[in-house]
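Residue-level structure breakdown
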Amino acid sequence: HRSILKAAEAGPLQSLTDRELNLRERPVTIYPRPYTKVRAWVRFGPEAIRVDAVLLRSTPTAAGIGFKAEGQTFRCWVWGNAISPLDEE
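Residues numbered from 1 in each chain as written. Predicted model: local features only at pLDDT ≥ 70, side-chain atom pairs only at ≥ 80, totals over all residues. Heavy atoms only, no water.

Quick word on the overall build of the protein
Let me state the cut-off plainly: Only DSSP runs of H or I with at least four residues qualify as helices, and only runs of E with at least two residues qualify as strands; both kinds are numbered from the N terminus onward. Atoms counted for the radius of gyration: C-alpha only. Globule rule: 2.2 Å times residue count to the power 0.38. The rule is simple: take the accessible area with a 1.4 Å probe, protein chains only, and divide by the maximum for that residue type; under 20% is buried, over 50% is exposed, in between is partly exposed. Any two residues whose heavy atoms approach within 4.5 Å are treated as being in contact. All accessible areas in this document rest on Shrake-Rupley with a 1.4 Å probe, and a residue is counted as covered only by the protein chains that are shown. When charges are tallied, Lys and Arg are placed among the positive residues and Asp and Glu among the negative ones, while His and the ends of the chain are skipped. Every charge is mapped onto a representative atom, which is NZ of Lys, CZ of Arg, CG of Asp or CD of Glu.
When its secondary structure is counted, the protein shows two helices and six strands. Its C-alpha atoms give the protein a radius of gyration of 13 Å, near enough to 12 Å, the size a compact globule of 89 residues would have. Across its three principal directions, the C-alpha atoms of the protein cover 35 × 30 × 25 Å. Burial status across the protein gives 34% buried among its 89 residues. Counting contacts in the protein only where the partners sit at least 6 residues apart, residues at least 24 apart contribute 57% of the total. Counting only carbon and sulfur atoms, one obtains 48% of the accessible surface of the protein, whose full area is about 6100 Å². With 13 positive and 10 negative side-chain charges, the protein shows a separation of 4 Å between the mean positions of the two kinds.

Here's the deal with the pattern of salt bridges
Here the idea is simple: oppositely charged side chains can pair when their charged atoms come close. The following threshold applies: For this document, the term salt bridge refers to a Lys or Arg side-chain nitrogen within 4 Å of an Asp or Glu carboxyl oxygen.
If you walk through the whole model with that rule in mind, you get one salt bridge. Across the pair Asp-52 and Arg-39 runs a salt bridge whose closest N-O atoms are separated by 2.7 Å. Taken together, the residues span a long stretch of sequence, with Asp-52 in strand β3 (residues 47–58) and Arg-39 in strand β2 (residues 36–44) at a distance of 13 residues. For Asp-52, a relative accessible area of 46% translates into the label partly exposed. Taking the relative accessible area as the measure of exposure, Arg-39 reaches 25% and is therefore partly exposed.

What about the packing of aromatic side chains?
Any pair of aromatic rings gets described here by the distance separating the centres and the angle formed by the planes. Test applied: Classification of ring pairs rests on two measures: the distance between centres of Phe, Tyr or Trp rings, Trp counted by its six-membered ring, which must be within 6.5 Å, and the angle between planes, read as stacked under 30 degrees, edge-to-face over 60 and tilted in between.
Under the counting rule described, the total for this entry stands at three aromatic pairs. Ring geometry for Phe-44 and Phe-67: centres 6.4 Å apart, planes at 85°, overall edge-to-face. Taken together, the residues span a long stretch of sequence, with Phe-44 in strand β2 and Phe-67 in strand β4 (residues 62–69) at a distance of 23 residues. Summarising the burial analysis for this pair, Phe-44 and Phe-67 share the class buried. Centre to centre, the rings of Phe-44 and Phe-74 are 5.5 Å apart; their planes meet at 85°, and the pair counts as edge-to-face. In this pair, Phe-44 is assigned in strand β2 and Phe-74 in strand β5 (residues 72–79), connecting sequence segments 30 residues apart. One exposure class covers both Phe-44 and Phe-74, and it is buried.

A short note on a positive patch on the surface
Our working definition: In this analysis, a patch consists of residues with relative accessible area above 30% that form no salt bridge, clustered at 9 Å for like charges and at 5 Å for the nonpolar side chains Val, Leu, Ile, Met, Phe, Trp and Tyr.
A cluster of like positive charges, contributed by Arg-33, Arg-57, Lys-68 and Arg-75, occupies part of the molecular surface. Note that Lys-68 resides in strand β4. Judged by its relative accessible area of 56%, Lys-68 falls in the exposed class.

Some details on the nonpolar core
Most often, soluble globular proteins have nonpolar side chains that are buried together. Defined as follows: Residues belong to a common nonpolar core when they are buried Ala, Val, Leu, Ile, Met, Phe, Trp, Tyr or Cys residues joined through side-chain atoms within 4.5 Å.
By size, the foremost hydrophobic cluster in this structure holds 18 residues, and its most contacted members are Ile-4, Val-42, Phe-44, Ile-65 and Phe-67. Sorting the residues of this core by element identifies α1 (2–8), β2, β3, β4 and β5 as the ones contributing at least two each. The residues touching Val-42, leaving out its near neighbours within four places in the chain, are Leu-13, Glu-47, Ala-48, Ile-49, Val-51, Ile-65, Phe-67, Cys-76 and Val-78.

A look at the side chain of Ser-58
For clarity, the cut-off: Here a polar contact means two N or O atoms within 3.5 Å. Within protein one must be a hydrogen donor candidate and the other an acceptor candidate, and residues neighboring in sequence count only if both atoms are side-chain atoms.
Within the element layout of this structure, Ser-58 appears in strand β3. A distance of 2.7 Å separates a polar atom in the side chain of Ser-58 from a polar atom in the side chain of Tyr-31.

The following block contains the structure:
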């Protein structure tokens, strides 16, 4: 968790833009609990870090994820190829 908070000092958590997500044209799947656990690449400002997260929602090309560090909850959209199921590693 400390590595997440340290990366967060580099800048705000980056997320895909509305234009990149194109949610008006692409279907969104919202997952019920329990969520699938994934490992994902995220970016705080220019700092990239790999985090353990949960898959909250997805489109055919992107994944909405959430993760926590010391009581803080982070959520963002990343490209689908930036995640992998934890059981594959």
